[in-house]
Amino acid sequence: MANPNHCELHTRIYKAVNPQKGKNMADNLSFNVADGVTIARETLIANLNVGTSTAPEWAPVGIRVYSGQEDFDWQRETNQDIIGNAYSSMKKPIITQSFDGWEISGGDKAAIQIWNQGVRDQNPQAMSNNDMLIVHKYVYSDGTTKFFAERYKACAVEISSLGGDGGGNLTMPINVTYGGERTIGSVSVADGAFTFTADGTV
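A brief structural summary. (Residues numbered from 1 in each chain as written. Predicted model: local features only at pLDDT ≥ 70, side-chain atom pairs only at ≥ 80, totals over all residues. Heavy atoms only, no water.)

### Points about the side chain of Gln-117
Here is step 1: Tracing the backbone shows Gln-117 in helix 3 (residues 109–120).
Here is step 2: The class for Gln-117 is buried, based on a relative accessible area of 12%.
Here is step 3: Ignoring any residue separated from it by four or fewer positions in sequence, one finds Gln-117 in contact with Gln-122, Asn-123, Ala-126, Met-127 and Asn-130. (Helix = DSSP H or I, 4+ residues; strand = E, 2+ residues; numbered from the N terminus. Buried < 20%, exposed > 50% of the residue type's maximum accessible area, 1.4 Å probe, protein only. Contact = heavy atoms within 4.5 Å.)

Next up, the structure:
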């Protein structure tokens, strides 16, 4: 009969020698819906830090925005060698997101912060260093209750216009470029508020 201590030792040695294999297995996350079920758009949520870097308060961006998506620019470059074979190279993506037709409303903390940065102060330094959190509520990071999330600490938020049609609502569409250090981790939810726990930078 095998000695359990020897088995445990062999397991530790294998993990030490093959760290990447163990990491890949652990990092294969799945969608938290049944097979064949589509995923609701509202489970992908962009949030703006309206607190401080050490005590963040995450406010959702997109209240009264009715359509939007992240656009990934992989900066792909394709070249053909002298034999005639084509090869492509890519870089980490530059991710942008437009919030078109944003109907700003009272109590919207994200809108209030961006309005103050861009309309009142016209502060490009503040506008290009916003701390943002993307929460993927359709993916459990722990298999049960916490969600996968990405934090970007230096996001550029541009106000593209301010106004609207006569008799309508005041709109403040914005464009976001997610930037700075990217930290992945988990988000837990309590009383409707997100708490982010970092796993590491990527």
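### Examining the pairing of strand 1 (residues 44–49)
Here is step 1: Counting buried positions along strand 1 gives five out of six residues, so the element sits mostly inside the fold.
Here is step 2: In terms of strand pairing, strand 1 meets strand 7 (residues 130–140) through five bridges, oriented antiparallel. Note on strand 7: the bridge partner recorded for Leu-44 is His-136.
Here is step 3: Sheet topology places strand 1 next to strand 2 (residues 58–61); four bridges connect them, and they run antiparallel. In the sheet register, Ala-46 faces strand 2, and the bridge partner there is Val-61. (Pairing = 2+ DSSP bridges.)

### Thoughts on the pattern of salt bridges
Here is step 1: This structure, assessed with the given rule, holds five salt bridges.
Here is step 2: For Glu-103, the salt bridge is made with Arg-64, and the minimal N-O distance between the two is 3.9 Å. With Glu-103 in the loop between strand 6 (94–99) and helix 3 and Arg-64 in the loop between strand 2 and strand 3 (70–73), this residue pair connects regions lying 39 residues apart in the sequence.
Here is step 3: Given a relative accessible area of 17%, Glu-103 falls into the buried group.
Here is step 4: For Arg-182, the salt bridge identified is with Glu-150, shortest N-O distance 3.0 Å. Taken together, the residues span a long stretch of sequence, with Arg-182 in strand 10 (residues 182–190) and Glu-150 in strand 8 (residues 147–159) at a distance of 32 residues.
Here is step 5: Residue classification places Arg-182 among the partly exposed residues on the basis of a relative accessible area of 24%. (Salt bridge = Lys/Arg side-chain N within 4 Å of Asp/Glu carboxyl O.)

### Some words on the nonpolar core
Here is step 1: Judged by nonpolar contacts, the single largest core of 20 residues is most densely connected at Val-61, Phe-99, Trp-102, Met-132, Ile-174, Val-176 and Tyr-178.
Here is step 2: Filtering out sequence-adjacent residues up to four positions away, Phe-99 remains in contact with Ala-46, Val-61, Gly-62, Val-65, Pro-173, Ile-174, Val-176 and Tyr-178.
Here is step 3: Among the nonpolar cores identified, the runner-up in size contains nine residues, and Trp-58, Val-135, Val-187 and Phe-196 belong to it. (Core = buried A, V, L, I, M, F, W, Y, C linked by side-chain atoms within 4.5 Å.)

### Remarks on a nonpolar patch on the surface
Here is step 1: A contiguous nonpolar surface patch, about 330 Å² in accessible area, is contributed by Phe-31, Val-33, Val-37 and Ile-39.
Here is step 2: Along the polypeptide, Ile-39 turns up in the loop between helix 2 (19–27) and strand 1.
Here is step 3: Looking at Ile-39, the relative accessible area reads 33%, which means it is partly exposed. (Patch = residues over 30% accessible without salt bridge, like charges linked within 9 Å, V, L, I, M, F, W, Y side chains within 5 Å. Areas by Shrake-Rupley, 256 points an atom, 1.4 Å probe, with all protein chains shown as cover.)

### Let's talk about the side chain of Asn-130
Here is step 1: With respect to the secondary-structure elements, Asn-130 resides in strand 7.
Here is step 2: The exposure class of Asn-130 is buried, given its relative accessible area of 2%.
Here is step 3: Of note is the side chain of Asn-130, whose polar atom sits 3.4 Å from the side chain of Gln-113.
Here is step 4: Contact partners of Asn-130, with chain neighbours within four places excluded, come to Leu-48, Gln-113, Gln-117, Tyr-152, Lys-153, Ala-154, Cys-155 and Val-157. (Polar contact = N/O pair within 3.5 Å; in protein donor to acceptor, adjacent residues only side chain to side chain.)

### Topic: the packing of aromatic side chains
Here is step 1: Counting across every chain of the model gives four aromatic pairs.
Here is step 2: With 5.7 Å between their ring centres and 55° between their planes, Phe-31 and Tyr-138 make a pair best called tilted. Highlighted residues: Phe-31 in the loop between helix 2 and strand 1 and Tyr-138 in strand 7, separated in sequence by 107 residues.
Here is step 3: The class for Phe-31 is exposed, based on a relative accessible area of 52%.
Here is step 4: Plain terms: the ring middles of Tyr-140 and Phe-147 are 5.5 Å apart, the flat faces sit at 20° to each other, and that makes the pair stacked.
Here is step 5: By relative accessible area, Tyr-140 is classed as partly exposed at 29%.
Here is step 6: The exposure class assigned to Phe-147 is buried, which follows from its relative accessible area of 11%. (Phe/Tyr/Trp six-rings, centres within 6.5 Å; stacked < 30°, edge-to-face > 60°.)

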